[in-house]
Amino acid sequence: MITSRDNDIIKDAVKLINSSRYRRKTSRFVCEGLRLCSDAVISGVRPSVLLYTDEASKKYDDRFDRILTDSQRSFEISIELYKKISDTVEPQGVMCIFDIPDIKFDVKPGGKYAALENIQDPSNMGTILRTAEALGIDGVILSGGCCDIYSPKTLRGSMGAVFRLPVLICDDLPGFVSELNSRGISTYASTPHDAGSIRDVDFSCGGVMLIGNEGNGLSDEAINACSHRVKIPMRGRAESLNAAAAAAILLYSLS
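This write-up is about the structure you can find in this document. Predicted model only: the values in this text are computed from it and were never measured.

**Quick notes on the overall build of the protein chain**
Argument step 1. Scanning the protein chain from N- to C-terminus turns up 12 helices and 11 strands.
Argument step 2. For the C-alpha atoms alone, the extent of the protein chain along its principal axes is close to 60 × 40 × 30 Å.
Argument step 3. When burial is assessed residue by residue, the protein chain has 50% of its 255 residues classed as buried.
Argument step 4. Within the protein chain, contacts between residues at least 6 apart in sequence are counted, and of these 78% link residues at least 24 apart.
Argument step 5. Surface accessibility of the protein chain: about 12,700 Å² in total, with carbon and sulfur atoms responsible for 45%.

**Describing helix α12 (residues 243-254)**
Argument step 1. Its 12 residues place the ends of α12 16 Å apart at the C-alpha level, agreeing with the 16 Å of an ideal helix rising 1.5 Å per residue.
Argument step 2. Buried within α12 are the following residues: Ala243, Ala244, Ala246, Ala247, Leu250, Leu251 and Leu254. Buried residues in α12, looked at end-on, bunch into an arc of 155 degrees, giving them a common side.
Argument step 3. Those residues of α12 hidden inside the fold are in contact with β5 (112-116), α7 (122-134), β8 (187-190), β10 (207-211) and β11 (228-231).
Argument step 4. The N-terminus of α12 is capped by Asn242, whose side-chain oxygen sits 2.8 Å from the backbone nitrogen of Ala244.

**Remarks on the side chain of Glu32**
Argument step 1. Among the structural elements, Glu32 can be located in strand β1 (residues 28-32).
Argument step 2. For the buried Glu32, no salt bridge is present, and the opposite-charge side chain at shortest range is Arg156, 5.3 Å distant.
Argument step 3. In this structure the side chain of Glu32 is engaged in a polar contact, spanning 3.2 Å, whose partner is the backbone nitrogen of Asp87.
Argument step 4. Here the side chain of Glu32 touches Thr88 through a polar contact of 3.3 Å, side chain to side chain.
Argument step 5. Residues contacting Glu32, with those up to four places away along its chain left out, are Cys37, Tyr82, Ser86, Asp87, Thr88, Pro91, Val94 and Met95.

**Focus on the environment of Glu221**
Argument step 1. Residue position: Glu221 is located in helix α11 (residues 220-225).
Argument step 2. Among the residues examined, Glu221 registers a relative accessible area of 51% and is labelled exposed.
Argument step 3. When the C-alpha positions of Glu221 and Lys15 are compared, they lie 36 Å apart, and in sequence the two are 206 residues distant.

**Let's talk about the sheet that holds β5**
Argument step 1. With respect to topology, 7 strands assemble into an open sheet ordered β7-β6-β5-β10-β8-β11-β9, the strand pairing being parallel. Looking at the sheet topology across the chains shown, the edges are occupied by β7 (167-170) and β9 (196-197).
Argument step 2. Two strands pair when backbone bridges link them, and β5 and strand β6 (residues 139-143) are joined in this way by 4 bridges, in the parallel orientation. Residue pairing across strands places Leu116 opposite Leu142, the latter belonging to β6.
Argument step 3. Lying over the sheet, α7 contacts β5, β6 and β7, oriented at roughly 155 degrees with respect to β6.

**Considering the pattern of salt bridges**
Argument step 1. The tally for this structure, following the rule as stated, stands at 10 salt bridges.
Argument step 2. For Glu133, the salt bridge goes to Arg164, with nearest N and O atoms at 2.5 Å. Of this pair, Glu133 sits in helix α7 while Arg164 is found in helix α9 (residues 161-164), placing the two residues 31 residues apart along the sequence.

**Examining the sheet that holds strand β4 (residues 94-99)**
Consider a sheet: its strands pair through backbone hydrogen bonds, and that pairing is either parallel or antiparallel.
Argument step 1. Taken together, 4 strands build an open sheet; the order of strands is β1-β4-β2-β3 and the sheet is mixed. Sheet topology places β1 and β3 (73-76) at the edges, where each strand pairs with a single neighbour. Here the strands of the sheet are splayed against their neighbours by 15 degrees on average, with no regard to which way each runs.
Argument step 2. In this structure, strand β2 (residues 47-52) lies alongside β4, joined through 5 bridges in antiparallel fashion.

**Describing the packing of aromatic side chains**
Argument step 1. Within this structure, the stated rule accounts for 7 aromatic pairs.
Argument step 2. Consider the rings of Tyr188 and Phe203, whose centres lie 4.9 Å apart with planes at 70 degrees: the pair is edge-to-face. One end of the pair, Tyr188, is in strand β8; the other, Phe203, is in the loop between β9 and β10, and 15 residues separate them in sequence. No difference in accessibility class separates Tyr188 from Phe203, as the two residues are buried.
Argument step 3. Chaining the aromatic ring pairs together yields one cluster made of Phe29, Phe98, Tyr150 and Phe163.

**Describing the state of the cysteines**
Argument step 1. Per the counting criterion, the structure on display carries 0 disulfides.
Argument step 2. Here Cys96 stays unpaired: no disulfide links it, and the sulfur of Cys37, its closest cysteine neighbor, is 3.6 Å away.
Argument step 3. With a relative accessible area of 0%, Cys96 lands in the buried category.
Argument step 4. Its sulfur unpaired, Cys147 is 6.4 Å from the next cysteine sulfur, which belongs to Cys146.
Argument step 5. Assessed through its relative accessible area of 14%, Cys147 is described here as buried.

Rules of the game
- Residues numbered from 1 in each chain as written.
- Predicted model: local features only at pLDDT ≥ 70, side-chain atom pairs only at ≥ 80, totals over all residues.
- Heavy atoms only, no water.
- Helix = DSSP H or I, 4+ residues; strand = E, 2+ residues; numbered from the N terminus.
- Buried < 20%, exposed > 50% of the residue type's maximum accessible area, 1.4 Å probe, protein only.
- Contact = heavy atoms within 4.5 Å.
- Areas by Shrake-Rupley, 256 points an atom, 1.4 Å probe, with all protein chains shown as cover.
- Expected span 1.5 Å × (residues − 1).
- Arc of directions from axis to C-beta.
- Polar contact = N/O pair within 3.5 Å; in protein donor to acceptor, adjacent residues only side chain to side chain.
- Lys, Arg positive; Asp, Glu negative; His and termini not counted.
- Salt bridge = Lys/Arg side-chain N within 4 Å of Asp/Glu carboxyl O.
- Pairing = 2+ DSSP bridges.
- Axes fitted to C-alpha atoms, helices over the stretch in contact; angles between N-to-C directions.
- Phe/Tyr/Trp six-rings, centres within 6.5 Å; stacked < 30°, edge-to-face > 60°.
- Disulfide = S-S within 2.5 Å.

Written out as structure tokens, the structure reads:
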């Protein structure tokens, strides 16, 4: 039983919850809640540490037993302490520390992919990942300027998609896009400028859909690197869409 916030394991978990820099430095992250932790375990991501309350161990079904069995170490903590360190409004009493998986994939001709440039809002990121998985997108490419996909908000927003969807981080997205073009893979810049409607594009051969930052859209470098430019036709007076909403429409068209 751990009851003190000064415990080294608790302090480590709190830092992982609150600091993206610490997550990157240690290549670890915290996942909270029965469903998310269970999704991670089912996807083959083994917890290095499980923190749980006695109430949770008695309340939940065999999914908790699976998490407990797969965890390298497990510690019961008091409900009072759990509430103090939890990042959720209604804590479930289940929290795991995972190593960030080393996921690599190759963009293949005929596949359908999303590429995100400098997405900053963790909730948008989580929603886009969830949408991409639901639509059968084969993988997601992230520019180095995107927010941390292992932040608590992104993990919750993705509903476990981050564990099931191949994700590649690319420091030079325009250069990577140019390389894909040279391999005959179509790349599509989503931009309202000098672009054709997505309704008029044949996506049957797949490709990579680039989606830009919430406020600024895609950079000029990324747009110029793409082989095609596409836009969402809009009939109303609104000038733009939320990044996650735009991504849903674009990826649905691509898929």
